[in-house]
Amino acid sequence: VGRDVFRQVLYGARVSLVVGFATVVVAGLVGSILGIAAGVAGGKLDSLLMRVADIQLALPAFLLAILTAAVIGPSVTNVIITLALTRWVVFARVARSAALAVRHREFVDSARILGASPLRVTVVHIVPACIAPLLVVASSSFGLVVLAEASLSFLGLGTPASTPSWGQTIANGRDLLPMAWWISTLPGVVLAIVTVTFGIFGDALRDHLDPHMEVA
């Protein structure tokens, strides 16, 4: 189509990285709100949300993404929705655990005794304590989301044919591997570098933000 491999990789990066960022933001917001609400409220709301999360975790995430993408069709927006549906549960679990860990701490009980409303206690005292673990999950999930988007696009269920992405570029060159191996290999190398980089960044961020790691 008149574009060299380097240009295709650059165009694919724009789509893949935007999809990854948007998916992490959407899944992070939805999962964090639901997880914090479950951790703070407890009771039937907590049980209901966690049972829904357990059901989704019992299903293979990528197979669920394939099923959803096949139903709603290929487009950038649909890919974001599809991947967000498979990732929100991770954020919800982490947010719930963080909320449970601090909801009965001394500073939270002091705010309640002083007359702070439940909403104010949640927003001012509980939410800030959940930010650090959620940032770690977001940084670790970014590379996995980009890889999942490339996989869907490789199968023809991700971005449409008119929108270039790393997965599509790899798929376009798979029949040409004996004579032009670089068409599929170079986008694959870039994809691997991005995935590994954000995985390492997530581990480093976890070590930096975890007070137990600092003590050790």
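Treat the numbers as computed from the prediction; the structure is a model and nothing was measured.

Within the secondary structure, S16 sits in helix 1 (residues 5-41). Not counting residues within four places of it along the chain, the set of residues in contact with S16 comprises V146, E149, S165 and W166.

One finds L83, F91, I126, C130 and W166 to be the most contacted residues of the largest nonpolar core, which totals 44 residues. Among the secondary structure elements, those contributing two or more residues to this core are helix 1, helix 3 (61-72), helix 4 (76-102), helix 5 (106-113), helix 6 (118-154), helix 7 (166-172) and helix 8 (182-209). In this structure, C130 is in contact with I36, A95, A98 and A99, ignoring residues within four places of it in sequence.

Together, L67, V71, I72, I81 and L85 make up an exposed nonpolar region whose accessible area comes to about 460 Å². Those elements giving two or more residues to the nonpolar patch turn out to be helix 3 and helix 4. Examining the composition of the nonpolar patch, we find that three residues originate from one element, helix 3, more than from any other.

Contact pair helix 1 / helix 6: the axes reach a minimum separation of 8 Å and the direction vectors enclose 145 degrees. Relative to helix 6, the crossing made by helix 1 is right-handed. Across the interface between the two elements, S16, L17, V19, G20, F21, T23, V24, S32, I36 and V40 from helix 1 touch T122, I126, V127, C130, L134, A138, S141, F142, V145, V146 and E149 from helix 6. Of the residues that constitute the contact of helix 1 with helix 6, the class distribution is 14 nonpolar, six polar and one charged.

Here we come to the packing of aromatic side chains. Across all of its chains, the model carries two aromatic pairs by this definition. Between F142 and F198, the aromatic rings sit 4.4 Å apart at their centres with planes inclined by 40 degrees, giving tilted as the arrangement. Taken together, the residues F142 in helix 6 and F198 in helix 8 connect sequence positions 56 residues apart. With a relative accessible area of 11%, F142 lands in the buried category. Arranged with centres 5.8 Å apart and planes meeting at 80 degrees, the rings of W181 and W182 form a pair that is edge-to-face. Overall, the relative accessible area of 36% leaves W182 in the partly exposed class. Cation over ring: R174 sits above F154, and NZ or CZ is 4.9 Å from the ring centre.

This next bit is on the environment of P128. Here P128 is to be found in helix 6. When the C-alpha positions of P128 and S110 are compared, they lie 16 Å apart, and in sequence the two are 18 residues distant.

This part covers helix 6. Helix length check: helix 6 (37 residues) gives 47 Å between terminal C-alpha atoms against 54 Å at 1.5 Å per residue, more than 12% under. Of the residues one or two after helix 6, G156 is the one with positive phi, at around 85 degrees.

For the rest of this paragraph, the subject is the pattern of salt bridges. Inspection of the entire model under this criterion finds four salt bridges. Across the pair R112 and D109 runs a salt bridge, and its minimum N-O distance is 2.9 Å. Pair noted here: R112 and D109 are both in helix 5, with a separation of three residues, about one helical turn. By relative accessible area, which is 36% here, R112 ends up partly exposed. One continuous salt-bridge network, built from bridges that share partners, spans R51, D54 and R93.

To continue, consider the environment of R206. Along the polypeptide, R206 turns up in helix 8. Distance in space between the C-alpha atoms of R206 and A132 is 8.2 Å, their sequence separation being 74 residues.

Glancing now at the packing of helix 1 against helix 2 (residues 43-58). At their nearest, the axes of helix 1 and helix 2 sit 7 Å apart, and the two run at 140 degrees to each other. By the angle between their directions, the pair helix 1 and helix 2 is classed as oblique. As helix 1 packs across helix 2, the resulting crossing turns out to be left-handed. Taken together, the residues of helix 2 that come into contact with helix 1 (itself represented by L34, A37, A38 and A41) are G43, L45, D46, L49 and M50. The residue makeup of the contact of helix 1 with helix 2, split by class, is seven nonpolar, one polar and one charged.

Thresholds applied
Residues numbered from 1 in each chain as written. Predicted model: local features only at pLDDT ≥ 70, side-chain atom pairs only at ≥ 80, totals over all residues. Heavy atoms only, no water. Helix = DSSP H or I, 4+ residues; strand = E, 2+ residues; numbered from the N terminus. Contact = heavy atoms within 4.5 Å. Core = buried A, V, L, I, M, F, W, Y, C linked by side-chain atoms within 4.5 Å. Buried < 20%, exposed > 50% of the residue type's maximum accessible area, 1.4 Å probe, protein only. Patch = residues over 30% accessible without salt bridge, like charges linked within 9 Å, V, L, I, M, F, W, Y side chains within 5 Å. Areas by Shrake-Rupley, 256 points an atom, 1.4 Å probe, with all protein chains shown as cover. Salt bridge = Lys/Arg side-chain N within 4 Å of Asp/Glu carboxyl O. Axes fitted to C-alpha atoms, helices over the stretch in contact; angles between N-to-C directions. Left-handed = near helix turned anticlockwise from the far one by under 90°. Nonpolar A, V, L, I, M, F, W, Y, C, P; charged D, E, K, R; others polar. Phe/Tyr/Trp six-rings, centres within 6.5 Å; stacked < 30°, edge-to-face > 60°. Lys NZ or Arg CZ within 6 Å of the ring centre and 35° of its normal. Expected span 1.5 Å × (residues − 1). Parallel < 35°, antiparallel > 145°, perpendicular 65-115°, else oblique.

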